[in-house]
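Residue-level listing of the chains:
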Amino acid sequence: MLDSPAVRIVLAAGVLALFYWSLFTGTAPATAPVAPAEGLTAEGTRSLAEATKELVRSGGYGKALDPARKLHEAYPANHIYIDQLATVYHHLGRPKEEAELWEEYLQKAPVPDEACPQVGLAYRAQGLEEKARDAFSRCLDLDPSNPDFVLHLALSYERSGRGDKARELYERGQALAPGYTDMRLGLARIDLRAGRIDRAREAALRVLERSPDNVDALLVAGLASLRSGATDEARTHLERGVRLAPEYADLVLALAQTSVRQGRVDEALREYARVLELRPGNSEALEARARLAGRAP
Amino acid sequence: MSRVALVVARSAFAAFWLLTAAYCVIAYIPFTYVQVIQSDVVPLLGTFARLHPYLFWAALAAAALTMREDVRRPATRLVAIGFLAVSAAAGTALLVHPLLTSLANDASSLRWALVALVPMVWLTGIDVLGHGTRVSWGPASAGEDRRLFHACWMSALFLACVYGAVFQLRFGADLAVIGLGTKERLAALVLSLASHLVLLLAAFAAMVLVRSIAAVFASPPLVELLLFFLSAVLVLAAVLRNVVLAAVSVGGRTAAAVAAAVAFAAVSTQAGLACRIFAARRGTAGSGLEVLLSPLAPPREIPRLAHVLWIAALAVGGFALAVGTAVMDWNYLLQKVSALLVWLLVFAAFHAVAPAAPARPRATVGFLAVAVLSLGAYKGLEAGRVAAWMGGGPYADLSTTLARYAGHDPSFKVAHDLLSRPRTAVRDDAEFYRYLQAHTNIPRSVHIEAADVTFVPSIVPSPAPKPNIFVFVIDSLRRDYLSAYNAAVGFTPAIGEFARDSVVFTNAFTRYGGTGLSEPSIWVGGMIPHQQYPTPFYPMNALEKLLEAEGYRCFVTLDSVLKIVVKPSPAIVELDQGVLTHALKLGHSVEDLGARLSAGEAGERPVFAYTQPQDLHVSTITREGPSVPPGESYPGFHAPYAWRVRRIDTAFGGFLRTLRDLGLYDNSIVVLTSDHGDSLGEEGRWGHAYTLFPEILRIPLIVHLPSAFRSRIVADPAGLSFLTDITPSLYALLGHPPRPRSGIFGRSLFASRREDLPSRDRALGAFLAASSYGPVYGILRANGRSLYIADSVNYEDDLFDLTTYPGGTPPALTDAQRALCRKSIREGIESIEAFYGVPGVR
């Protein structure tokens, strides 16, 4: 029977079919565990994802919240949907939920440092500077060569009054990215706080040589000049800064201090009022205004 | 005529015509016409074209030598004399009107490619008429199944071992660079053996099927020959279409027709030759396959030692081909094709020596059962591997390991690619890949009116003194071979010093892999339609318009691309006159430029200079040889490349000194960049071909600004930046703040206010990248830290984490991520086509 061509044809064809079936059909070996899509079909997912993306793009964050949440619930391991939902919470001013999602992102995304620095900023928005610092520190662990991460951690230390740690980080950041002016200005601010006024002023002026419109540099240069008694120079820097960034409260506050030092009480009062518009309840502005009110003509 | 002489003469004849057809196809494809023929990137091809009329006569002489008998024999006299007469007439015509050097980049070249196959088929007709009828067909050989089975498993073992040994010999001492330890190599070798075995035993089952069908007929060996002939044509056509033509972006019906015609001509030649060989033999033919394979292996009758020597020669040949083709390849094309050729010759060799004693029918069932067992073993290995990987066991990175090993073992790569093709493809895959193919290398028959590209409504020349501008685009320069980007580099002191005085953009990318579209995109300042090229190109050339309006004196190396992109003008002086594109060297260009500047050729006008030297191009290194001068060593770097980078550094440093001596440096914008990077052995890849791997897309970008500019502008060196930003940046620096009309254009990397810089907006965007030569597209995301690539030549996609690449485990690509990236690719392509008004999808 095995001699018969028909039997041989059937046998050979059967073996070939088996090869074809097992090598070229069926499910390919999965390359990653895929999260179950509860209650969502592939088509439904696609249209929901597109609609959400469109809403986010057009600024319709309120409307985007529901679909973004639905996508995240259906695909809890998908970092794209985590990112999307966190972005929506950010724009809706809900930093607590935002921070939780970025923490999830850090755990699940293939490139987790994409959650940086948002995760730290979300903690800061809740007033949790300690947690923000911890998050910035974890970000820096993920990519120690990223100068942005160095900067955020340094700023956090600086805000908490840890000038030594901040200085160390700014210096590290400067070594990583010599052209990064924010690092140089960070060091200048620390010098200013430590009373090394000339160094601070010199650093700020160096930045201003290359970037005359850098408002942070103008603020440092202004404050350094003010503290060294060069009030006219301070005014020049600060007025230029306020012209460039009229909403920058620190600049207006420094300008008000300069006006006080120069005896320009009316101007100082106007400037303190502006500070209170920008930063309602600012204690320094409130106190100074009260003090000056009696001196006004 | 001896069998060896016959095979050599006919092979030479067939090789001549196949090469002629290939040359015609290269002339037909727009990008190969510009990049291969016009730029003479493979000088041997140019030589072939120039000598073609004379080589024709040599090929004809070789064929004529084999036809003496045909001219004498009445059955073939007429067609043989007709063949020689027509050939002689064609040869004379070629001497008067050489064909290859006058081919146009249109469908006529494709028609010539098909015409070039006619002589092969004609000669086959003579062979079949004169000799096919003289082959004596006997009954089917009873031992053929056994012979096939042994030939298959022996070939599998031989191929896995030889290529494994080649790998060991090439990289044994340098495994750290390859990233494969002993465990990984062992696993890869086991998988290699299993893959070869499963494929060759599947082929065995197919051959048994063919023989069984033939057995139904009256003369089984003859029918077997016809069926194997048809099968060979089909397989070769599939290889040509899916491996060769797909790699040069030819698809659809054109690819199918060309592949079928070439496969038919090639297999016919072999079949004709086989008829001649068998007709001269005594005895009967009992196996159609034996007849068909006869030109590819020594006859069975010769001493065993001769067979052993032949097989050893194949091993050496396999080694030489694996090493030789790896150095200059087109994303594994040559390596895969050469490996397939070795497969065929090895199989023919083992078929010639395999035991052929008559076997009982039951034996065939046993052989088939062994084939099924090998399949089971392979599946078991695969399942075990996947299970271990899914569980995060010790083989967690085996997929990466196998891909990495496949990159260095072309035979395993063929098997691995075949066995790991997507099975149940995502429903959208085929449609998506078709979409990419349809929007890539748009033929010239589709007229695209070059759109007017401007960055400002009108350019009013600024009254301020203008800086000189020098743009050096070093073809294929990788940023990690410059000290400004890699502290381990100690051979670029001049560029290092230049970088310290400049803005070094550390996160820069090209939007195009390959020069074809990358170089024009610099001049346009944005992405362009995927066509080489819309002509006249000038309306799109935003940079030339700026230079004209500002009255620059331009010194430009007009390479084969810029000859099309740049409009001739009296204001443009050609640098490197008379130097072919592939021979452009930075040293020569800067010497020429320096001499012209010293001679005051610019007069009072500001100077613009542009050159794109080829010192580092893979074809240059291959042509010049991989050696470096005695005493030079570059540990940790690819020495032939690093040595040339050092040469570039010297030339560049010398030019900067010239600029300083002439008092021009402080008032000059000097840009040092590359049009794309290059693969230098990453996972076995060399060159750039049509690929978009991270090392291709990453580029150096260093910009020196006149001191007067530095105080009033800001830049973000760490921000995401593109090659297409150079032209908008020059607009900004010359006082014309650019206002791009679409997101496909670049933006200025310099601004007077930090908030006007593009880096903040780009940090969260998705950016399209494309290959110049094939339907391969990418999406850069996460501020340049994540790269998705969709390759519709090989029907695969990948995700790269650029913060860990190369070396890290690739991140998992989820369906949702894939869908979003693909959508971004479509949106990118549609934006480009909408802006330029590209006519509808083909």
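Just so it is clear, the structure is predicted and the values come from calculations on it, not from any experiment. (Residues numbered from 1 in each chain as written. Chains lettered and ligands numbered in written order. Predicted model: local features only at pLDDT ≥ 70, side-chain atom pairs only at ≥ 80, totals over all residues.)

A. Fine view of the sheet that holds strand S11 (residues 701–704) of chain B. All names here are of chain B. In space, the seven strands of this open sheet follow the order S2-S11-S8-S1-S7-S5-S6, with mixed pairing throughout. Only two strands of the sheet have a single neighbouring strand rather than two, namely strand S2 (503–505) and strand S6 (572–575). Taken over all neighbouring pairs, the strand axes of this sheet differ in orientation by 10° on average, direction set aside. The pairing of strand S8 (residues 668–673) with S11 spans four bridges and is antiparallel. (Pairing = 2+ DSSP bridges. Helix = DSSP H or I, 4+ residues; strand = E, 2+ residues; numbered from the N terminus. Axes fitted to C-alpha atoms, helices over the stretch in contact; angles between N-to-C directions.)

B. Expanded view of helix H10 (residues 182–214) of chain B. For H10 of chain B, with 33 residues, the first-to-last C-alpha span of 48 Å sits near the 48 Å given by 1.5 Å per residue. Among the 33 residues in H10 of chain B, 27 count as buried, and that is most of the element. (Expected span 1.5 Å × (residues − 1). Buried ≥ 20, exposed ≤ 12 C-beta atoms within 10 Å, placed from the backbone.)

C. Structural detail: the nonpolar core. Ranked by internal contacts, the top residues of the largest apolar core, which has 351 residues, are Val-220 of chain A together with Phe-204 and Ala-205 of chain B. Sorting elements by how many residues they give to this core places H10 of chain B first, with 20 residues. In this structure Val-220 of chain A touches Leu-185, Ala-188, Arg-189, Leu-192, Ala-200 and Ala-204 of chain A, once residues within four positions along its chain are discounted. (Core = buried A, V, L, I, M, F, W, Y, C linked by C-beta atoms within 7 Å. Contact = placed C-beta atoms within 7 Å.)

D. Here's a closer look at the interface of chain A and chain B. Each side of the interface is counted separately: chain A has 42 residues, and chain B has 47 residues. Elements that contribute at least two residues to the side of chain A that touches chain B include exactly helix H1 (5–24), helix H2 (42–57), helix H4 (79–91) and helix H11 (197–210) of chain A. If one sorts the elements of the side of chain A that touches chain B by residue count, H1 of chain A sits on top with 13 residues. Classifying every residue of the side of chain A that touches chain B by side-chain character gives 26 nonpolar, eight polar and eight charged. (Nonpolar A, V, L, I, M, F, W, Y, C, P; charged D, E, K, R; others polar.)

E. Fine view of the pairing of strand S15 (residues 786–791) of chain B. Residue and element names in this part refer to chain B. Judged by how many residues are buried, S15 sits mostly within the fold: six of six residues are covered. Alternating residues of S15 divide into Ser-786, Tyr-788 and Ala-790 and Leu-787, Ile-789 and Asp-791, and every residue in both groups is buried. When strand S14 (residues 776–781) meets S15, the two strands line up antiparallel, connected through six bridges. The residue of S15 that forms the bridge with Gly-778 is Ile-789. For S15 and strand S16 (residues 796–801), the ladder comprises six bridges, and the chain directions are antiparallel. The partner of Asp-791 across the bridge, within S16, is Glu-796.

F. Geometry of the packing of H11 of chain A against helix H12 (residues 215–227) of chain A. Residues and elements named next belong to chain A. Closest axis-to-axis distance for the H11/H12 pair is 8 Å, and the angle between their directions is 145°. Considering how the two elements wind past one another, H11 and H12 form a crossing that is left-handed. Residues Ile-197, Ala-200, Arg-201, Ala-204, Leu-205, Val-207 and Leu-208 of H11 form the contact with H12, whose own contacting residues are Ala-217, Leu-218, Val-220, Ala-221, Ala-224, Ser-225 and Arg-227. Its residues assigned to classes, the contact of H11 with H12 shows eleven nonpolar, one polar and two charged. (Left-handed = near helix turned anticlockwise from the far one by under 90°.)

G. Here's a closer look at unusual backbone geometry. All names here are of chain B. Along the chain, Gln-532 connects to Tyr-533 via a cis peptide bond; the corresponding omega equals -5°. Tracing the chain through its elements places Tyr-533 in the loop between helix H21 (515–524) and helix H22 (542–549). You will see that Tyr-795, though not glycine, has its phi angle at about 55°, which is positive.

H. Up close: the environment of Lys-466 of chain B. Residue and element names in this part refer to chain B. Tracing the sequence through the fold places Lys-466 in the loop between helix H19 (427–438) and strand S1 (468–473). Through-space distance from the C-alpha of Lys-466 to that of Ser-668 is 8.8 Å; in sequence the pair is 202 residues apart. Those residues in contact with Lys-466 that lie beyond four places of it in its chain are Glu-550, Pro-606 and Leu-734.

I. Looking closely at the confidence of the model for chain B. Residues and elements named next belong to chain B. Here chain B shows a mean pLDDT of 89. Residues at 70 or above account for 95%. Across residues 392–396, where pLDDT falls below 50, the model places seven contacts with residues more than four positions away in sequence or in other chains. Scoring the predicted complex yields pTM 0.67 and, for the interface, ipTM 0.75. (pLDDT = per-residue confidence, 0-100.)

J. Local environment of helix H10 (residues 181–193) of chain A. Residue and element names in this part refer to chain A. The end-to-end C-alpha distance of H10, which contains 13 residues, comes to 18 Å, matching closely the 18 Å that a straight helix rising 1.5 Å per residue would cover. The buried count for H10 comes to twelve of 13 residues, which makes it a mostly enclosed element. The complete set of buried residues in H10 reads Thr-181, Asp-182, Met-183, Arg-184, Leu-185, Gly-186, Leu-187, Ala-188, Arg-189, Ile-190, Asp-191 and Leu-192. On its buried side, H10 packs onto helix H8 (147–159), helix H9 (163–176), H11 and H12. The first or second residue beyond H10 is Gly-195, which carries a positive phi of 85°.

K. Region of the structure containing the packing of helix H8 (residues 144–171) of chain B against H10 of chain B. All names here are of chain B. Contact pair H8 / H10: the axes reach a minimum separation of 9 Å and the direction vectors enclose 155°. Our classification of the angle between H8 and H10 gives roughly antiparallel. Both H8 and H10 take part in a crossing whose hand is right-handed. Contacts between H8 and H10 involve Glu-144, Asp-145, Leu-148, Phe-149, Cys-152, Trp-153, Ser-155, Ala-156, Leu-157, Leu-159, Ala-160 and Gly-164 from the first element and Leu-189, Ser-192, Leu-193, His-196, Leu-197, Leu-200, Leu-201, Ala-203, Phe-204, Met-207, Val-208 and Arg-211 from the second. (Parallel < 35°, antiparallel > 145°, perpendicular 65-115°, else oblique.)

L. Broad picture of the pairing of S11 of chain B. Residues and elements named next belong to chain B. The side-chain alternation of S11 yields two buried faces, one formed by Leu-701 and Val-703 and the other by Ile-702 and His-704. Both S2 and S11 contribute to a ladder of three bridges, which runs antiparallel. Counted as the bridge partner of Val-504 is Ile-702 from S11.

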